[in-house]
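Examination of the molecular architecture
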Amino acid sequence: MQDKTTSSGNWNEQKTRLKKEFPALTDKDLFFEIGRKNEMMAKLQVKLGKTKEELQRIIDAS
């Protein structure tokens, strides 16, 4: 399975979808920096109250 946060074009589409689904998320929350994905995911987990697995399923859903 391809990691959907590795392609910048795809990540931009994911960000848009996630912001619609979770209006509390900001561009800052969804800023993806190569090598810091785990930090971003951990912050999203806390902000959304989701487990790592739940968050990955949400991202992979599109």
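Look a little higher up for the structure.
Figured I'd write up the structure that's included with this text. (Residues numbered from 1 in each chain as written. Predicted model: local features only at pLDDT ≥ 70, side-chain atom pairs only at ≥ 80, totals over all residues. Heavy atoms only, no water.)

Moving on to the overall build of the protein chain. Of regular secondary structure, the protein chain possesses three helices and zero strands. Taken from N to C terminus, the helices and strands of the protein chain fall in the order α-α-α. Sorting the 62 residues of the protein chain into buried and exposed places 29% on the buried side. Taking as baseline every contact in the protein chain between residues at least 6 positions apart, the subset at least 24 positions apart corresponds to 39%. Counting only carbon and sulfur atoms, one obtains 53% of the accessible surface of the protein chain, whose full area is about 4300 Å². (Helix = DSSP H or I, 4+ residues; strand = E, 2+ residues; numbered from the N terminus. Buried < 20%, exposed > 50% of the residue type's maximum accessible area, 1.4 Å probe, protein only. Contact = heavy atoms within 4.5 Å. Areas by Shrake-Rupley, 256 points an atom, 1.4 Å probe, with all protein chains shown as cover.)

Now for the pattern of salt bridges. Across all of its chains, the model carries five salt bridges by this definition. With its nearest N and O atoms 3.0 Å apart, the salt bridge here joins Arg17 to Glu21. In this pair, Arg17 and Glu21 both sit in helix α1 (residues 8-21), four residues apart, roughly one turn of the helix. When its relative accessible area of 22% is taken as the criterion, Arg17 is described as partly exposed. For Glu21, a relative accessible area of 42% gives the class partly exposed. (Salt bridge = Lys/Arg side-chain N within 4 Å of Asp/Glu carboxyl O.)

Trp11, Leu18, Phe22, Leu25, Leu30, Met40, Met41, Leu44, Leu48, Leu55, Ile58 and Ile59 together form the largest nonpolar core, which totals 12 residues. Elements represented by at least two residues in this core include exactly α1, α2 (37-48) and α3 (52-60). At four residues, α2 tops the list of elements feeding residues into this core. (Core = buried A, V, L, I, M, F, W, Y, C linked by side-chain atoms within 4.5 Å.)

Attention shifts here to the packing of α2 against α3. Two elements in contact, α2 and α3, have axes separated by 10 Å at closest approach and are oriented at 100°. The angle between the axes of α2 and α3 places the two elements in the roughly perpendicular class. Residues Lys37, Met41, Leu44, Gln45 and Leu48 of α2 touch α3, and the partners they reach there are Lys52, Leu55, Gln56 and Ile59. Its residues assigned to classes, the contact of α2 with α3 shows five nonpolar, two polar and two charged. (Axes fitted to C-alpha atoms, helices over the stretch in contact; angles between N-to-C directions. Parallel < 35°, antiparallel > 145°, perpendicular 65-115°, else oblique. Nonpolar A, V, L, I, M, F, W, Y, C, P; charged D, E, K, R; others polar.)

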